[in-house]
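# Remarks on the overall topology
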Amino acid sequence: DTGVSQNPRHKITKRGQNVTFRCDPISEHNRLYWYRQTLGQGPEFLTYFQNEAQLEKSRLLSDRFSAERPKGSFSTLEIQRTEQGDSAMYLCASAGRGDRDVSYEQYFGPGTRLTVT
Amino acid sequence: ILNVEQSPQSLHVQEGDSTNFTCSFPSSNFYALHWYRWETAKSPEALFVMTLNGDEKKKGRISATLNTKEGYSYLYIKGSQPEDSATYLCAHPTRSSGTYKYIFGTGTRLKVLA
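What you are looking at is a predicted structure, and each value in this text was computed from that prediction instead of being measured.

## Points about the overall build of chain B
Looking only at helices and strands, chain B features 0 helices and 11 strands. In chain B, the order of α-helices and β-strands from amino to carboxyl end is β-β-β-β-β-β-β-β-β-β-β. Computed over C-alpha atoms, the radius of gyration of chain B comes to 14 Å, within 12% of the 13 Å expected from 2.2 N^0.38 for 114 residues, which places it in the range of a compact globule. Along the first, second and third principal axes, the C-alpha atoms of chain B reach 45 × 30 × 20 Å. Within chain B, the proportion of its 114 residues that are buried is 51%. Long-range contacts, defined as pairs at least 24 residues apart, comprise 53% of the intrachain contacts of chain B with a sequence gap of at least 6.

This is the structure in C-alpha cells:
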C-alpha cells in the first residue's frame, strides 16, 4: 500500500496522559499536514511541514502539542497532559511538489481517533 | 478570519436524483479550491482541484464549477447512487507567513437512499 498511513487508528487514554501519533506520508511527498476534526466540523489545520522544516503552526494549538518530522520522512504528533477537549480525529495528509503548489491535491491518511476519558 | 462555508449541511436524496452543493470562500487572494469526498471509515479523497475562474471539471457523474470573482464553487452529482453517500468537503488555501495553509468548510453530508 503506497498511500498515507497513520498509527494507531484508535487511542483511548486517560486525562493527563501523553499520547503520540505517527504518520507515514507517501514517500515522494515533501509536504505534510496535520489536521484535527471534531464532530460536525471540517478538518482544522494544526501544522505543516515542508521536508523536515515545520513552517506553520496553528495559533489554536497550545504548548501541549508538538510535532516533528525528522529527516523529512514520517511525522509524529504528541499531545502532553491530554484533556477531554482533545478528543477528536487527527488526520495527516501529504502532498507533492513545492510550497507554492496549491494546485496539487492532498492525500489523506485514515486518521487516528483519540478519546480522552 | 477567512471563512469557508458550505451548504447545505446535510442532504438526503433518492437514488437517481441529481443534486448540488455550494462552497463559498473569500474572493480576494484566490489561489485554488479543492473538493474532497470523505466516506465513513475511509480517508478523505480528492475529487477536484480548481484554479481558474470559470473552471469546470468532471469525473464520471460528478462535476464542479468555479467562480473566483464572487467566491463560490458548485459541486453537482448527476443520478445519485447509494455509493455517493459521503461528506463532501471543500478547502481553500490561504497564505500566511509566506506559506500556505488550508481552510476547510464544515462539509455537506449526503445520504442517498436506495
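## A closer look at the side chain of A:Asp86
All names here are of chain A. Inspection of the secondary structure assignment puts Asp-86 in the loop between β8 (75–79) and β9 (88–95). A polar side-chain atom of Asp-86 sits 2.8 Å from a polar atom in the side chain of Arg-64. When near neighbours in sequence (up to four residues on either side) are disregarded, Asp-86 contacts Arg-64, Phe-65, Ile-79, Leu-114 and Val-116.

## Considering the sheet that holds β8(A)
All names here are of chain A. Sheet architecture is open: 4 strands sit in the order β1-β3-β8-β7, paired in antiparallel fashion. The outermost strands of the open sheet, each flanked by one partner alone, are β1 (5–7) and β7 (65–68). Adjacent strand axes in the sheet meet at a mean angle of 15 degrees when their direction is disregarded.

Conventions we followed
- Each chain carries its own residue numbering, running from 1 in the direction its sequence is written.
- By the order in which they are written, chains take letters starting at A while ligands take numbers starting at 1.
- Predicted model: local features are reported for residues with pLDDT of at least 70 only, side-chain atom pairs are reported and counted for 80 or more only, and whole-chain, interface and lining totals are derived from all residues.
- With hydrogens and water set aside, each side-chain value is computed from the structure's full complement of heavy atoms.
- Here a strand is any run of E in DSSP of at least two residues, a helix any run of H or I of at least four, and the numbering for each starts at the N terminus.
- We compute the radius of gyration from the C-alpha atoms alone; for a globule the expected value is 2.2 Å times N to the 0.38, where N is the number of residues.
- Type-normalised accessible area, obtained with a 1.4 Å probe on protein chains alone, sets the label of each residue: buried when under 20%, exposed when over 50%, and partly exposed for intermediate values.
- Working rule for contacts: check all heavy atoms of both residues, and any pair within 4.5 Å makes them a contact.
- Pairs of N or O atoms within 3.5 Å make up the polar contacts considered here, provided that, within protein, one atom can donate a hydrogen while the other can accept it, and that residues adjacent in sequence are counted only when both atoms are side-chain atoms.
- Here, a strand pair is defined by DSSP locating no fewer than two bridges between the strands.
- For helices, the fitted line uses only the C-alpha atoms of the stretch in contact; every axis is such a line through C-alpha atoms, and the angle between N-to-C directions lies from 0 to 180 degrees.

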